[in-house]
Amino acid sequence: MSSGLRCVSRAFLPVCHIGISPRLVVTRSFSSTPVVLAKISSPGKKKRRKRTSVREINPEAMPIAEAAHVLRSADVGRPLSAYELHIKTQFTRGQAPLRGRIALPRDPRTRGETVLVFAEGKAAQDAREAGAAHVGGEELVPKVLDGTLKPTKVICTPSLIAPITPKLARFLGPKGLMPTTKRGTVTENVIAAIREANGMLEWKGNKFGYVRAAVGRIHFPVEDVENNVRTFLQTVRDAMTPEDQVFATRKKAASTILQVYLSSTQGPGIELSDVGYTPYK
């Protein structure tokens, strides 16, 4: 049966009237074609266009020099208060946190590094002459574990890395102090490693893409603070585009700096306007 035909079921019931012949009466009808209701839109309604929000430039953003002067006035009487740089990067789930090492033009640290060197023989003598705080072999392991020695940097020669690893890996590893070849802290040239440990600062971003680091002290000249800020920002940009393309493919790093703030111990956070990006609200 075609869809356009209408099938009508009729029950023939005789209707008797006096003097009138029986006639046919339709008692039920149905249609095999479904009823389609057309949606009629009211002529008065019109589609609303989505409004695109226009990002406004932050009027409170300042150049580095001006922000440093404002923060210095907030920390009057605290010459050792630190200038801190806060960097917000474009970061998504699954990306590797940014990290690296840097030697700033002027070191903002108030204390020197406590360098521990695992070495023997001539390497141990070179380490002492280079200014290492603690030098020795496996006999230093118990002192590290019980807290007698509290180093901030640990260097080891290749001949001693195998004996100390089973004992110190779980203790120094979570603190980021375990010597590794990748960081250059497992080496025969302990003199160069000690010099680098005393001058290099290690930094690392968190899982939300924020990087924070001290870039100066309140008593520093403004020129030194500005040089430190620009040097640190360039280091972060370099870490976003690693030279190792295989590493970049496996673990994508952050690719864009979204916001940069300069703050102090007691002062507010001031967004910077002259660091290579547009400071939006």
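Here, every reference points to the structure presented above.
Predicted model, so just to flag it, every value in this text is computed and none were measured. (Residues numbered from 1 in each chain as written. Predicted model: local features only at pLDDT ≥ 70, side-chain atom pairs only at ≥ 80, totals over all residues. Heavy atoms only, no water.)

Caption draft 1: Region of interest: the pattern of salt bridges. For the coordinates displayed, the defined rule picks out nine salt bridges. In this structure, Asp224 engages Arg106 in a salt bridge whose closest nitrogen and oxygen atoms are separated by 2.9 Å. One end of the pair, Asp224, is in helix α6 (residues 222-240); the other, Arg106, is in the loop between β2 (99-102) and β3 (115-118), and 118 residues separate them in sequence. Take Asp224: its relative accessible area is 22%, and that puts it in the partly exposed class. Arg106 sits in the partly exposed class, given a relative accessible area of 31%. Lys167 is paired through a salt bridge with Glu138; the nearest N and O atoms lie 3.6 Å apart. One end of the pair, Lys167, is in helix α4 (residues 158-172); the other, Glu138, is in the loop between β4 (134-136) and α3 (141-145), and 29 residues separate them in sequence. (Salt bridge = Lys/Arg side-chain N within 4 Å of Asp/Glu carboxyl O. Helix = DSSP H or I, 4+ residues; strand = E, 2+ residues; numbered from the N terminus. Buried < 20%, exposed > 50% of the residue type's maximum accessible area, 1.4 Å probe, protein only.)

Caption draft 2: Inspection of the sheet that holds β4 at higher detail. Reading across from one edge, β4-β3-β5 is the order of the three strands in this open sheet, with parallel pairing throughout. Two strands bound the open sheet, and with one partner strand each, they are β4 and β5 (153-156). Sheet twist, expressed as the average angle between the axes of neighbouring strands with direction ignored, equals 10°. By the bridge criterion, four bridges tie β3 to β5 in an arrangement that is parallel. (Pairing = 2+ DSSP bridges. Axes fitted to C-alpha atoms, helices over the stretch in contact; angles between N-to-C directions.)

Caption draft 3: Summary view of the sheet that holds strand β9 (residues 270-271). Pairing is antiparallel in the open sheet, where four strands are placed in the order β7-β1-β8-β9. The sheet is open, and its two edges are formed by β7 (210-217) and β9, each paired on a single side. The pairing of strand β1 (residues 82-89) with strand β8 (residues 257-264) spans seven bridges and is classified as antiparallel. Of the residues in β8, the one forming a bridge with Tyr83 is Ser264. Docked against the sheet, helix α1 (residues 64-74) engages β1, β8 and β9, running at close to 35° with respect to β8. (Contact = heavy atoms within 4.5 Å.)

Caption draft 4: A look at the packing of aromatic side chains. Tallying each qualifying case throughout the model produces one aromatic pair. Positioned above the aromatic ring of Phe220, the side-chain terminus of Arg106 is 3.9 Å from the ring centre. (Phe/Tyr/Trp six-rings, centres within 6.5 Å; stacked < 30°, edge-to-face > 60°. Lys NZ or Arg CZ within 6 Å of the ring centre and 35° of its normal.)

Caption draft 5: Main features of the nonpolar core. Leu85, Ile87, Val229, Phe232, Leu262 and Leu272 are the most contacted members of the largest nonpolar core, which has 31 residues in total. Only α1, β1, β6 (201-204), β7, α6 and β8 provide two or more residues apiece to this core. Listed in part, the 16 residues of the second largest apolar core include Phe118, Leu149, Leu172 and Val186. (Core = buried A, V, L, I, M, F, W, Y, C linked by side-chain atoms within 4.5 Å.)

Caption draft 6: Just helix α2 (residues 122-130), in detail. All of the buried residues in α2 are Ala123, Ala124, Asp126 and Ala127. The buried residues of α2 occupy an angular sector of 160° when projected down its axis, which confines them to one face. Seen from the buried face of α2, the exposed residues on the opposite side, beyond 90 degrees, are Lys122, Arg128 and Glu129. For α2, the secondary structure elements touched by its buried residues are β3, β4 and α5 (190-199). Taken from the residues just after α2, Gly131 is the one with a positive phi, measuring 105°. (Arc of directions from axis to C-beta.)

From the geometry alone we can't say anything about function, so treat these as descriptive.
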